[in-house]
Amino acid sequence: MPRWKRFRSTKATLPSAVTASVLCAVALAGIWFNFGDDKLQAERFGVHMAQTIAKTTAGDLLDNQRINLAVIANFVTEGAEVDGVTFFDNANNVIAMSGSQDSASRYTATATIDDTITGYVTIHLNSAAFRPATPWLHWLASVIIVLIVPWLTVLLMQLSARGNRSLPIVSVQQENAGATPSYCLVINLINQLALSKAERDQAVTDAVNMGREVCAVYPGFAMPLDSQGACLVLSQNTVSGLQALHATFLLQTLLLEYETLGQFRYYLRTATCPGDPGEMNFLNPAQMQDWSNIDTDITLAALARKDTALISQEVFANLNDVEKSWAGAFEHPILPDLAPEQSLYSVAELPERDALLVKEQAQVILGFS
């Protein structure tokens, strides 16, 4: 299975990822939109500048020093923030001016000496000079963050789910039902040689955990088969041949969608369980009747093609005529040596209605795992 599929979102993780993206976008909006701070900055600058010039030129306004005031006005308007300066005497007559007088951002201060008004100063500001430049790099970084956050959230949720990734299955112990005809789904860890021991153990654990989820839908028992794979035991008293096929494809779907390094093949056969598998907490494969050679069945599972279900002659016989039409005879060069008296069949896919049922069951399980 491609590694990227390990982090595909489910119905549980997708809303969390969307929520994280929305929260990230809201937070970025709160940071970037300063709600008129540039206007407040311009107002403070204009008021302070007008008061400062008024205090420093109060004497020149009293003495009507037009040349000095014109020089000061020219000096002040050299900056990009100030469009124009106008000096008035105490009778509001213009004494000197410089720059444009058309700006709507005007700030006036009174020049005084010992509480005596000597004139007035008006500053005309350039509003564009107080608008911050467009931070293109910051915007690009923000867009990248918003796009990455959902996937990062999914990744973190998937990683944090390790160690407690299956629903608790609570069963009530009942009296031993005695020998119970059952379906046995043998699961082969086909890529076990490519994995380390820790990875093999984890892959088998993943198969058992997902098998337990399947057994919550189709009553049964899931158990490991050393480091070679796992097995699901389903009672024929409660699970029909069709439902056993559904369980096979459901487990296949779960392990394809689930975060696991294991790759698996599936062989469905019959056997006799010493008790009702739906009521058992422990089962030794050696206790199963009509199942004398587990290694042979694990090898048969390995012969199954990817995304198919290999079934035994007994399972095939438990299907009705319509269901039998889904299966084709299975042939392999080593099959006569492994099972000389067996006729095996392969189910490549389920009909649309049954496949949709399995898909919906997988979505429910993955949504709560």
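Residues numbered from 1 in each chain as written. Predicted model: local features only at pLDDT ≥ 70, side-chain atom pairs only at ≥ 80, totals over all residues. Heavy atoms only, no water.

Participant: Describe helix H6 (residues 197-217), and please don't skip the residues or the numbers.
Facilitator: Spanning 21 residues, H6 covers 31 Å between terminal C-alpha atoms, matching the ideal 30 Å at 1.5 Å per step. For H6, every residue scored as buried is listed here: Ala203, Val204, Asp206, Ala207, Val208, Asn209, Met210, Gly211, Glu213, Val214 and Cys215. (Helix = DSSP H or I, 4+ residues; strand = E, 2+ residues; numbered from the N terminus. Expected span 1.5 Å × (residues − 1). Buried < 20%, exposed > 50% of the residue type's maximum accessible area, 1.4 Å probe, protein only.)

Participant: Go over the side chain of Arg265, please, and point to the residues and values.
Facilitator: Locating Arg265 in the fold gives a position in strand E8 (residues 264-273). Of the buried charged residues, Arg265 lacks a salt bridge, with Asp307 as the closest side chain of opposite charge at 6.5 Å. A polar contact is formed between the side chain of Arg265 and the backbone oxygen of Ala304, at a distance of 3.4 Å. Sequence-distant contacts of Arg265, defined by excluding residues within four places in its chain, comprise Val186, Ile187, Asn188, Ile190, Ala301, Ala302, Ala304, Arg305 and Lys306. (Lys, Arg positive; Asp, Glu negative; His and termini not counted. Salt bridge = Lys/Arg side-chain N within 4 Å of Asp/Glu carboxyl O. Polar contact = N/O pair within 3.5 Å; in protein donor to acceptor, adjacent residues only side chain to side chain. Contact = heavy atoms within 4.5 Å.)

Participant: Just give me the short version of the pairing of strand E2 (residues 94-99), but keep the residues and values in it.
Facilitator: By the bridge criterion, five bridges tie strand E1 (residues 82-89) to E2 in an arrangement that is antiparallel. Paired with Phe88 across the bridge in E2 is Val94. Joining the antiparallel neighbours E1 and E2 is a turn of four residues, in which Asn92 adopts a positive phi near 70 degrees. (Pairing = 2+ DSSP bridges.)

Participant: Tell me about the packing of aromatic side chains, and name the residues and values.
Facilitator: Two aromatic rings, taken as a pair, are described by how far apart their centres are and by the angle between their planes. Counted according to the given criterion, the structure contains one aromatic pair. Taking the centre distance of 3.9 Å and the plane angle of 10 degrees together, the rings of Phe316 and Tyr345 count as stacked. With Phe316 in helix H9 (residues 313-317) and Tyr345 in strand E11 (residues 345-347), this pair connects stretches of sequence that are 29 residues apart. Like Tyr345, Phe316 is buried. (Phe/Tyr/Trp six-rings, centres within 6.5 Å; stacked < 30°, edge-to-face > 60°.)

Participant: With reference to specific residues and values, describe the environment of Ser346.
Facilitator: Among the secondary structure elements, Ser346 is positioned in strand E11. Accessibility expressed as a relative area gives 15% for Ser346, which makes it buried. Between the C-alpha atoms of Ser346 and Leu310, which are 36 residues apart in sequence, the distance is 4.5 Å. Once residues within four sequence positions are removed from consideration, Ser346 is found in contact with Thr308, Ala309, Trp326, Ala327, Gly328 and Phe330.

Geometry only, nothing functional implied.
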